[in-house]
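# Commentary on secondary and tertiary structure
Chain residues, written in single-letter form:
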Amino acid sequence: MKAVVQRVVKASVSVNNEVVSSIGRGLCVLIGISRDDTPKDMEYMVRKVLNLRLFDDANGKRWNHSIKDKGFEILCVSQMEYLVLTCKSIYKMMDL
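Right, let's walk through the structure included here. As the structure is a computational prediction, the values presented were derived from the model and not from experiment. (Residues numbered from 1 in each chain as written. Predicted model: local features only at pLDDT ≥ 70, side-chain atom pairs only at ≥ 80, totals over all residues. Heavy atoms only, no water.)

### Points about the overall build of the protein chain
Just so we agree on the cut-off: Helix and strand assignments follow DSSP, with helices taken as H or I runs no shorter than four residues and strands as E runs no shorter than two, numbered in order from the N terminus. Partly exposed residues are those whose accessible area sits between 20% and 50% of the maximum for their type, while under 20% is buried and over 50% is exposed, using a 1.4 Å probe and protein chains only. Note on definitions: a residue-residue contact is assigned when non-hydrogen atoms from the two residues lie within 4.5 Å.
For the protein chain, the count of helices and strands is four helices and five strands. Traced from its N-terminal end to its C-terminal end, the protein chain shows the element sequence β-β-β-β-α-α-β-α-α. A burial count over the protein chain gives 24% of its 96 residues as buried. A separation threshold of at least 6 residues defines the contact pool for the protein chain, and within that pool the share at least 24 residues apart is 51%.

Spelled out as C-alpha cells, the structure:
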C-alpha cells in the first residue's frame, strides 16, 4: 500500500465532466492498494493519515495539528498507477 498525501484548500474528483466527490479544506490522499495488503495494513494507513501533523495551530506554529485536530475533510482517490510505479518490479520490466 502506498499513499501520496497533499494539503488542499479544496479538491474534487470528476468523471466524464461530472463532479462525483468534493471537499473543502483538508487532505487529498491518492492511494494504491494491492491484493497483498491486509486489513491491518489499511488500519495502519488510516491511523497514519489521520494523525499526520500537517497543519498550523492557532499561534502559527507550523506542523502542529492533524486533520482530526482541525476537523478538516479527506478525499481518498484510488491510484493503482502510483502503486505500480513505485514497485521495484517495474524496473525489471523496463530496460533502464
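Following the structure, the description resumes.
### What to know about the nonpolar core
Defined as follows: Here, nonpolar core refers to any group of buried Ala, Val, Leu, Ile, Met, Phe, Trp, Tyr and Cys residues whose side-chain atoms link them within 4.5 Å.
Core analysis: the largest hydrophobic core is formed by eight residues, namely L27, V29, I31, M45, V49, L54, F55 and I67. Apart from residues lying up to four places away in sequence, V29 is in contact with A3, V4, V5, V49, I74, L75, C76 and V77. Among the nonpolar cores identified, the runner-up in size contains seven residues, and A11, C28, L30 and V77 belong to it.

### Looking at unusual backbone geometry
Positive phi, normally seen in glycine, also occurs at N16, with a value near 50 degrees. With relative accessibility at 75%, the residue N16 sits in the exposed group. At W63, a position not held by glycine, the phi torsion is positive, near 55 degrees. Relative to the helices and strands, W63 resides in the loop between helix 1 (39-51) and helix 2 (67-70). What makes W63 partly exposed here is its relative accessible area of 43%.

### Concerning the sheet that holds strand 4 (residues 26-32)
Here is the rule we go by: Two strands pair under a simple rule: DSSP has to find at least two bridges between them. Every axis in this analysis is a line fitted to C-alpha atoms, fitted for helices over the stretch in contact. Angles between the N-to-C directions lie between 0 and 180 degrees.
As summarised here, the arrangement of the three strands in space is 1-4-5, forming an open sheet in which the pairing is mixed. For this open sheet the edge positions go to strand 1 (2-8) and strand 5 (73-78), each flanked by a neighbour on one side alone. Averaged over all pairs of adjacent strands, the angle between their axes in this sheet comes to 20 degrees, without regard to strand direction. Across the sheet, helix 1 lies against strand 1, strand 4 and strand 5, angled at about 155 degrees from strand 4, the strand it touches most.

### Comments concerning a positive patch on the surface
For clarity, the threshold we go by: What goes into a patch is any residue over 30% in relative accessible area without a salt bridge, connected to like charges within 9 Å or, for nonpolar side chains (Val, Leu, Ile, Met, Phe, Trp, Tyr), within 5 Å. In these tables, accessible area is a Shrake-Rupley quantity obtained with a 1.4 Å probe, and a residue counts as shielded only by the protein chains included in the view. Each reported salt bridge corresponds to a side-chain nitrogen of Lys or Arg within 4 Å of a carboxyl oxygen of Asp or Glu. Only four residue types enter the tally: Lys and Arg on the positive side, Asp and Glu on the negative side; His and the chain ends are excluded. The atom standing in for a charge is NZ when the residue is Lys, CZ when it is Arg, CG when it is Asp and CD when it is Glu.
A surface patch of positive charge is lined by R7, R25, R62 and K70. Mapped onto the fold, K70 is located in helix 2.

### A few points about the environment of K68
Structurally, K68 can be placed in helix 2. Separated by 42 residues in sequence, K68 and G26 have C-alpha atoms that sit 10.0 Å apart. The contacts of K68, once residues within four sequence positions are left out, are L50 and N51.

### Overview of the packing of aromatic side chains
Our working rule: Only Phe, Tyr and Trp rings take part, Trp by its six-membered ring, and two of them pair if their centres are within 6.5 Å. Stacked means planes under 30 degrees apart, edge-to-face means over 60, and tilted covers everything else.
Per the stated rule, a full pass over the model turns up one aromatic pair. For the pair F55 and F72, a centre-to-centre distance of 5.1 Å together with 80 degrees between the ring planes defines the contact as edge-to-face. Linking F55 in the loop between helix 1 and helix 2 with F72 in the loop between helix 2 and strand 5, this pair joins segments that are 17 residues apart in sequence.

### Some details on the side chain of Q79
Tracing the sequence through the fold places Q79 in the loop between strand 5 and helix 3 (80-86). Those residues in contact with Q79 that lie beyond four places of it in its chain are L30, I31 and G32.

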